[in-house]
Every structure is written in C-alpha cells, then in structure tokens.
Amino acid sequence: LDMGFIRDIQKILALLPARRQNLLFSATFEASIKKLATGLLHNPVQLQATPENRTATTVEHVLHPCDMDRKPELLCHLIQSNDWQQVLVFVATRHACDVVAHKLQKHGVKAAAFHADASQGARREVLRAFKAGELQVAGQADQQAAGALGRGVLGVLGEGRRDGGRREIAHL
C-alpha cells in the first residue's frame, strides 16, 4: 500500500459486486493492511505463521548513532571494516536510494540502487550483478526488492528509516 497500490485496488473493487468472496494475502500485516482488510472482508479469518513483527533469532541488531552528514562515511566504514561482500541498505525513499548508491560509489564501494523508478532493464541488471557477486551493495526503498535480492545476504542496514528496515528483514 505504501507503494501507491491502494487507488488501483479501490478502482477494481468499485467494479466488483458487493457480495463476493475475497482472499487477502500479505507477507506483512501492518495497521494499513488491517484497515484495508476490515473494509473488504466479512468475518475474516487470519492465519499467521509467526508472531507479528518478530525478527528472526539469527538477526543481530546493532545501533551506530551518527550525524546525518556522516552516514555515508560510516556506512562505507562498516561495509569495508566488516568485509561484507553483499549488503542490502534500506532507505526511506527512492531518491535517497539513488543518493546513497552514488555516495558509496564515490567511496569505492560497488553499489547500485534497486527500486521501481528504475527501468525494468536496469532493475534486471542490478539483480543479475548482485546475484553474481559483482555488486557489493544494493540500496533499496521498495519492499519487494528485499525478496528479490535477499538470499545469501550477509548484512542488512536500515539507513534513514524509522523502522530500520525491520519489515524487510522479515522477508529475507
């Protein structure tokens, strides 16, 4: 929903009969999804594989307080000092994703942005390069990118996000 699909969903629903059967699947079931479900579903049943907003026990959380203007420098230091070969960096916006990737490249880190504003060809190339190990860092703001890029990733960093990328960590 945070990617702008709500209007499309509402348009489709307006064309459907009032009495119908609905099935709603979501990898994350946040308040906005619950609100949507309440308006769509009659006597809904919710099946849940794990408790809500629970991070896997294999995920280690570390906080590095830092001034905003020094974040790219800290990010480069963490990547290089920990010898992280594949890292996802979650950012708040698609524009920030491009900025972070550019700043990392300036520091000699092989990085690229992966988000819906890029062309399909550009996204495919980032995905191919990341999976082939040619890219060290993929910065992304879109939730679906976590699933596409996530397998085998050693580091996940939330840069400039209030949730620190926790939603996406659940998908990896």
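Throughout what follows, the structure given in this document is the object of discussion. Source: prediction; values computed, not measured. (Residues numbered from 1 in each chain as written. Predicted model: local features only at pLDDT ≥ 70, side-chain atom pairs only at ≥ 80, totals over all residues. Heavy atoms only, no water.)

Looking now at the nonpolar core. Counting 15 residues, the largest nonpolar core has Val89, Leu104 and Val137 as the members making the most contacts within it. Elements with a contribution of two residues or more to this core: α3 (71-81), β1 (87-90), α4 (94-106) and β2 (111-113). In contact with leucine 104, not counting residues within four places along its chain, are Pro72, Leu75, Cys76, Ile79, Val109, Ala111 and Val137. Among the nonpolar cores identified, the runner-up in size contains nine residues, and Phe90, Ala112, Phe114 and Phe130 belong to it. (Core = buried A, V, L, I, M, F, W, Y, C linked by side-chain atoms within 4.5 Å. Buried < 20%, exposed > 50% of the residue type's maximum accessible area, 1.4 Å probe, protein only. Helix = DSSP H or I, 4+ residues; strand = E, 2+ residues; numbered from the N terminus. Contact = heavy atoms within 4.5 Å.)

Along helix α2 (residues 31-40), the residues that are buried comprise Ile33, Leu36, Ala37 and Leu40. For α2, the angular spread of buried residues about the axis comes to 100 degrees, placing them on one side. Within α2, the exposed residues directed more than 90 degrees away from the buried face are Ala31, Lys35, Thr38 and Gly39. On its buried side, α2 packs onto α1 (6-15). (Arc of directions from axis to C-beta.)

Our next topic: unusual backbone geometry. The phi dihedral of aspartate 83 is positive, around 55 degrees, even though this residue is not glycine. Within the fold, aspartate 83 resides in the loop between α3 and β1. A relative accessible area of 52% places aspartate 83 in the exposed class.

Because side chains alternate across strand β3 (residues 137-140), one face comprises the buried residues Val137 and Gly139, and the other comprises Ala138 and Gln140, equally buried. Where β1 lies against β3, four bridges are found, and the strand directions are parallel. Note that in β3 the partner of valine 87 across the bridge is valine 137. Relative to β3, β2 runs parallel, the two sharing three bridges. Its bridge partner lying in β3, alanine 112 is registered against alanine 138. (Pairing = 2+ DSSP bridges.)

Applying the stated criterion across every chain yields a total of four salt bridges. As a salt-bridge pair, glutamate 125 and arginine 128 come within 2.7 Å of each other at their nearest N and O atoms. Here the residue glutamate 125 and the residue arginine 128 both occupy positions in helix α5 (residues 120-131), the gap between them amounting to three residues, near one helical turn. Via salt bridges that share partners, Glu125, Arg128 and Glu134 belong to a single interconnected network. (Salt bridge = Lys/Arg side-chain N within 4 Å of Asp/Glu carboxyl O.)

A few words now on the packing of α3 against α4. It is at 10 Å that the axes of α3 and α4 come closest, and there the two elements cross at 60 degrees. In terms of their interaxial angle, α3 and α4 are classed as oblique. For α3 against α4, the interelement crossing comes out right-handed. Contacts from Pro72, Leu75, Cys76 and Ile79 in α3 reach Val100, Lys103 and Leu104 in α4. (Axes fitted to C-alpha atoms, helices over the stretch in contact; angles between N-to-C directions. Parallel < 35°, antiparallel > 145°, perpendicular 65-115°, else oblique. Left-handed = near helix turned anticlockwise from the far one by under 90°.)

Let's shift gears to the side chain of glutamine 136. Tracing the chain through its elements places glutamine 136 in the loop between α5 and β3. Of the residues examined, glutamine 136 reaches a relative accessible area of 18% and is grouped as buried. When neighbours within four sequence positions are excluded, glutamine 136 is seen to be in contact with Ile79, Trp84, Gln85, Gln86, Val87, Val109, Lys110 and Phe130.

Moving on, we get to α3. Among all positions of α3, only Pro72, Leu75, Cys76, Leu78 and Ile79 are buried. Taken down its axis, α3 places every buried residue within 165 degrees of arc, on the same side.

All we've got here are geometric facts, nothing functional implied.
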